[in-house]
Amino acid sequence: MNRRTLALAGGLVAFALSLLAIFDSGLARLGLDRLLVTVIGLFAILLGLRAIQIRRRKGLEAVETPDPELPMAVQPPGEDLESVVSQFLGSQRLRASRTRLQEGLEAAAVSVLWRYGGYSPETARQAVADGSWTSDVRAASYLGSVDAPSLPLRAQVADLFRGRSTGRERIRHAVDEIASVAGLEPLGDPAPGDSDRAAPATTGDARAHFLEDEDPGNEWGDEERGDEWGDEDPGNGGDPTEGAVAAPEAGSTGVRDQAPVESDGGASSVLSRRTHTTGHWRGVTVVALLGIGVGILVKQPAALLAGVIGIGFAAYARSRAFPPGAVSISRSVDTPRPAPGEPVSVSVTIRNESEQFLPDCRLIDGVPDALSVTDGSPRLGTALRPGERASTTYTVTGRRGVHSFGPATVIARDLTGSVEQTSKLETHTEITCIPTYRALSEPVPLREQATQYVGQLETRSGGEGVEFFSTRNYRPGDAKRHIDWKRHARTGELTTVMFREERTATVVLVVDARDYAYVGPIEDGPTAVDRSVEAAGRLYETLTSRGNQVGLAALDTESCWIAPGSGTEHGLRVDRELGTNPALAPVPSEGRSWVKTHVSRLRKRLDPGTQLVFITPLCDANASRFARELDEIGYPVTVLSPNASADRTPGHQLARVARSLRISALRSAGIPVVDWPWADTLDAVLARTNERRSA
Amino acid sequence: MTPIDRRPAPLSRWASFLAALVAVGASGLYSYPSLALGVLGLSILSLALWRGSNAGVTTGAFAIFLGALLTGAWAGPVVPTLVSITGAVLAWDFGVSAIGLGAQLGREAETGRLEGVHLAASTGIGVASAGIGYGLYSAGTGGQPVAALIFLLLSAVLLLYALG
């Protein structure tokens, strides 16, 4: 402030002197001796250098814009090595000298040796300690104790020369060795199946509980935080902070306009507004100051006049001509209810609601998280006269779910570009896509346990049915229509034809839609939840077409439950639920879910003898616990598990190992697991499973 | 999934390059050091425009400006010097705008109108300032002492600083 006053005084004095110089040249010539001129010139140059310094230090302050046209990036399970490692560790106490990573990998090695390598827990632990479990010296030395072979100095130097950190190399080697003990082969791209691995399927195996038996003190084994069955939002990195914007800080009306989908009124509400300077012209005074400084020193009019241009631009920058004003947006969608994969054309329009020209309006539409823009751009930069509108049209591809458009970001600048105002404008638009599903060509491999109704389950006993099963001697009481009359005519024997007995099952499809399940091997591909929902839809069609009663539930924070039933009405309800229930949305919802609550809630809802088909990528221990718990209390569970694994990093590898162990443990506990490789169709996988079962 | 193309906006980028070219052409004819500085600045600026570096655009434009100032200081003619300095400032303004626009909206977005308005406004200011400068110069040669001009400019700078 003080400096400004000084500059003001100086400026006025200089102005007075210039007037004096014009009208009374004699007086002015007095003050203009060589020394004064030099001092003024140097001072101007100094100020100029300072302006450069300010520009360099402060730079530009432009708002960064979101990337709404890209869908949420899908990550494979095990993106964070630490968290996979803690799945193996549980609440184990750590020996002081070792890191958590080493402890976790050791536990993983022991588990795989125990399950796949033919070791007992004790010998496995011993083998890891002395390094005899693997021929890889890096892996052995990383996990082993003092008895283990140590990494030769030569190898360490070689690592150093190749620019690799020895620590990271050892981790990679250790994880690769663990994966190879578990029989996991490298995944191709797209992932070919690593399913159908021969796994011990004996019921009542003493090794049924993967890892948990090791630590009887901790009921839920690998629960890292000690809270029971809860899973925390792992932060899939998808949501671009749209939620924070809705905070009613500045001028928020908070009213969500429930206009019809095809809204075209200017009904947008301002959620937030923020103005700041950009510093676009910061440092332009250097032109004035250096021009004047150099001009005074060398007494050249051409250089001196450079100062005039600098002053012109500096004054312009400060003018803030045509500042940002009010705008409204509207949006229209040509197909509010598209089929999956159908292109939807979205048109967003910005209108100048102010009384003046708006020279710089930049619009970025709030494309829903799950949708990606395939054509055109949801961004627009334009200048608008009062009342004028401009619009941009882009295309998104229909995808299952209810997709609500987020607020559009409008960045407005004044004519000079030195002031920038960012606002979020909301206008409600929704795209709803409810797919319908085809029945599978293969029967669903359910558990052999059935109700008394005639239906799909193919039992292993002969009786009423349609498919031939066997013949036997006639017994009094057999129905006459089942007597093999041809044979009677031929041989005179009375035989009864037996048919394969078929009974219906009551099945509830449970889709795992917790945050953990929003994983997939391909960054811009579908998630395991997408796969699971599609599978649920197709299983529903298949099962109901064979006379079963089928219901639907989801494992998530939101409630999702349809009691078992069949018929057209019921089918439509299921399709709608699969399409629109927020629990099954294509991007994860926030919050925690409590698997234990789900178990007790399902218990109350399920009739005795109901079968469960649990569709889950098996990415965390709670998924397998859920299956086992329900199976133990008398609801036969079949697990269908889309394999979302990748093998790009040690974390991915270790997550694969963990999943493979979970599958083995479930199979040991007598729960059939259908491992569904990412690249395969559900039909193909079920065909293989059925073939194996009948063999 | 293709990432968004955030390279500088094409129209402003070309405008920036052309302004710089005019600036170097106008001042470079009168002295070799000025030509050298100008060509150096032009190369830095072009590279920065291509890569989208704000610091590079600022450095390049500053070098061109210094070249123009050198021409002026070595008794170069007034009009080319004024043109050159205006060109340097405009190249800087357009370049920084192009980069900012590319960063915020990307190349896919339609931005022609916005850029056009900005280019026209800045060019107008540049031409007007240079015109006023030339007017002062013409008036100044009519007998008014250089001292009056110096004090006038100095007062303008100080007042701008004080009121801004």
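Every value quoted in this text rests on a predicted model; they were computed, and no experiment measured them.

1. Comments concerning the overall build of chain A
- What chain A contains, in helices and strands, is 19 helices and 21 strands.
- The buried share among the 695 residues of chain A stands at 53%.
- Within chain A, residue pairs in contact and separated by at least 24 positions form 74% of the contacts whose partners lie at least 6 positions apart.
- For chain A, the accessible surface area stands at approximately 30500 Å², while carbon and sulfur atoms represent 53% of it.

2. A short note on the pattern of salt bridges
All names here are of chain A.
- Counted according to the given criterion, the structure contains 19 salt bridges over all chains.
- Across the salt bridge formed by Asp-360 and Arg-362, the nearest N and O atoms sit 2.9 Å from each other. Here Asp-360 and Arg-362 have matching classes, each one buried.
- Residue Arg-399 pairs with Asp-530 through a salt bridge whose shortest N-O separation is 2.7 Å. On the criterion of sequence distance, the pair formed by Arg-399 in the loop between β8 (389–397) and β9 (401–404) and Asp-530 in helix α14 (residues 528–545) is long-range, its members being 131 residues apart.
- Arg-399 gets classed as partly exposed once you look at its relative accessible area, which sits at 23%.
- Given the relative accessible area of 14%, Asp-530 is considered buried.

3. A short note on unusual backbone geometry
Residues and elements named next belong to chain A.
- Located in the positive-phi region is Arg-320, a residue other than glycine, with phi close to 50°.
- Mapped onto the elements of the fold, Arg-320 is located in the loop between α12 (301–319) and β3 (327–333).
- Phi angles above zero are rare outside glycine, and Phe-322 is one such case at about 50°.
- Note on placement: Phe-322 falls in the loop between α12 and β3.
- What makes Phe-322 partly exposed here is its relative accessible area of 35%.

4. Things to note about the nonpolar core
- Membership of the largest hydrophobic core comes to 67 residues, with the highest contact counts inside it found for Trp281(A), Ile292(A), Phe313(A), Val57(B), Leu69(B) and Ile85(B).
- Here this core takes 12 residues from α12(A), the largest share from any one element.
- Residues within four places of Ile85(B) in sequence aside, it is in contact with Val287(A), Ala306(A), Ile309(A), Phe65(B), Ala68(B) and Leu69(B).
- Ala505(A), Leu509(A), Ala517(A) and Ile562(A) belong to the second largest nonpolar core, which has 35 residues in total.

5. Remarks on the state of the cysteines
Residues and elements named next belong to chain A.
- One pass over the structure, following the stated rule, counts zero disulfides over all chains.
- Unpaired in this structure, Cys-560 has its nearest cysteine sulfur neighbour in Cys-433, at a distance of 17 Å.
- The thiol of Cys-619 is not disulfide-bonded; the next cysteine sulfur, from Cys-560, is found 19 Å away.

6. Details of the packing of α14(A) against helix α15 (residues 568–580) of chain A
Residue and element names in this part refer to chain A.
- At a closest axis distance of 10 Å, the pairing of α14 and α15 adopts a crossing angle of 175°. Comparing their axes, α15 and α14 come out roughly antiparallel. Residue-level contacts link Val-533, Ala-536, Gly-537, Tyr-540 and Glu-541 of α14 to His-570, Gly-571, Val-574, Asp-575 and Leu-578 of α15.

7. A few points about the sheet that holds strand β4 (residues 343–352) of chain A
Residue and element names in this part refer to chain A.
- Taken together, the four strands give an open sheet; going across it, the order is β3-β4-β8-β6, and neighbouring strands pair in antiparallel fashion. Edge positions in the sheet fall to β3 and β6 (373–376), since each of these pairs with one other strand and no more. Averaged over all neighbouring strand pairs, the angle between strand axes comes to 25°, with direction disregarded.
- Bridge analysis of β4 against β8 gives nine bridges, and the strand direction is antiparallel.

8. Focus: the pairing of β3(A)
Residues and elements named next belong to chain A.
- Counting buried residues along β3, six of its seven residues qualify, which places the element largely inside the surrounding structure.
- Both β3 and β4 contribute to a ladder of seven bridges, which runs antiparallel. Each bridged residue has a counterpart across the sheet, and for Ile-329 the counterpart in β4 is Ile-350.

9. Quick notes on the confidence of the model for chain A
All names here are of chain A.
- The predicted model of chain A averages 78 in pLDDT, with 80% of residues at 70 or higher.
- Taken element by element, the predicted model of chain A shows its lowest mean pLDDT in helix α10 (residues 242–245) (32) and its highest in β4 (94).
- Note on residues 190–266: pLDDT under 50 across the span, and 168 contacts to partners over four residues away in sequence or across chains.
- Of the regions scoring below 50 in pLDDT, residues 450–454 engages in 13 contacts with residues more than four places distant in sequence or in other chains.

10. Examining a negative patch on the surface
- Taken together, the side chains of Glu79(A), Asp80(A), Glu82(A), Glu523(A) and Asp524(A) make up a negatively charged region of the molecular surface.
- With respect to the secondary-structure elements, Glu82(A) resides in helix α4 (residues 81–89).

11. Remarks on a positive patch on the surface
All names here are of chain A.
- A contiguous patch of positive charge, built from Arg-3, Arg-50, Arg-57 and Lys-58, is present on the exposed surface.
- Considering every element that reaches the positive patch, the biggest residue donor is helix α3 (residues 34–58), with three residues.
- Structurally, the position occupied by Arg-57 is in helix α3.
- Taking the relative accessible area as the measure of exposure, Arg-57 reaches 60% and is therefore exposed.

12. Examining the sheet that holds strand β21 (residues 673–677) of chain A
All names here are of chain A.
- Read across the open sheet, the six strands follow the order β17-β16-β15-β19-β20-β21; overall the sheet is mixed. Only two strands of the sheet have a single neighbouring strand rather than two, namely β17 (561–565) and β21. Averaged over all pairs of adjacent strands, the angle between strand axes in this sheet comes to 20°, irrespective of strand direction.
- Pairing of strand β16 (residues 549–555) with β17, which is carried by three bridges, proceeds in the antiparallel orientation. In the sheet register, Leu-552 faces β17, and the bridge partner there is Ile-562.
- The strands touched by α14 within the sheet are β15 (506–512), β16, β17, β19 (611–615), β20 (637–643) and β21, with β15 carrying the most contacts at an inclination of about 170°.

About the criteria used
- Residues numbered from 1 in each chain as written.
- Chains lettered and ligands numbered in written order.
- Predicted model: local features only at pLDDT ≥ 70, side-chain atom pairs only at ≥ 80, totals over all residues.
- Heavy atoms only, no water.
- Helix = DSSP H or I, 4+ residues; strand = E, 2+ residues; numbered from the N terminus.
- Buried < 20%, exposed > 50% of the residue type's maximum accessible area, 1.4 Å probe, protein only.
- Contact = heavy atoms within 4.5 Å.
- Areas by Shrake-Rupley, 256 points an atom, 1.4 Å probe, with all protein chains shown as cover.
- Salt bridge = Lys/Arg side-chain N within 4 Å of Asp/Glu carboxyl O.
- Core = buried A, V, L, I, M, F, W, Y, C linked by side-chain atoms within 4.5 Å.
- Disulfide = S-S within 2.5 Å.
- Axes fitted to C-alpha atoms, helices over the stretch in contact; angles between N-to-C directions.
- Parallel < 35°, antiparallel > 145°, perpendicular 65-115°, else oblique.
- Pairing = 2+ DSSP bridges.
- pLDDT = per-residue confidence, 0-100.
- Patch = residues over 30% accessible without salt bridge, like charges linked within 9 Å, V, L, I, M, F, W, Y side chains within 5 Å.
- Lys, Arg positive; Asp, Glu negative; His and termini not counted.
- Charge placed at Lys NZ, Arg CZ, Asp CG, Glu CD.

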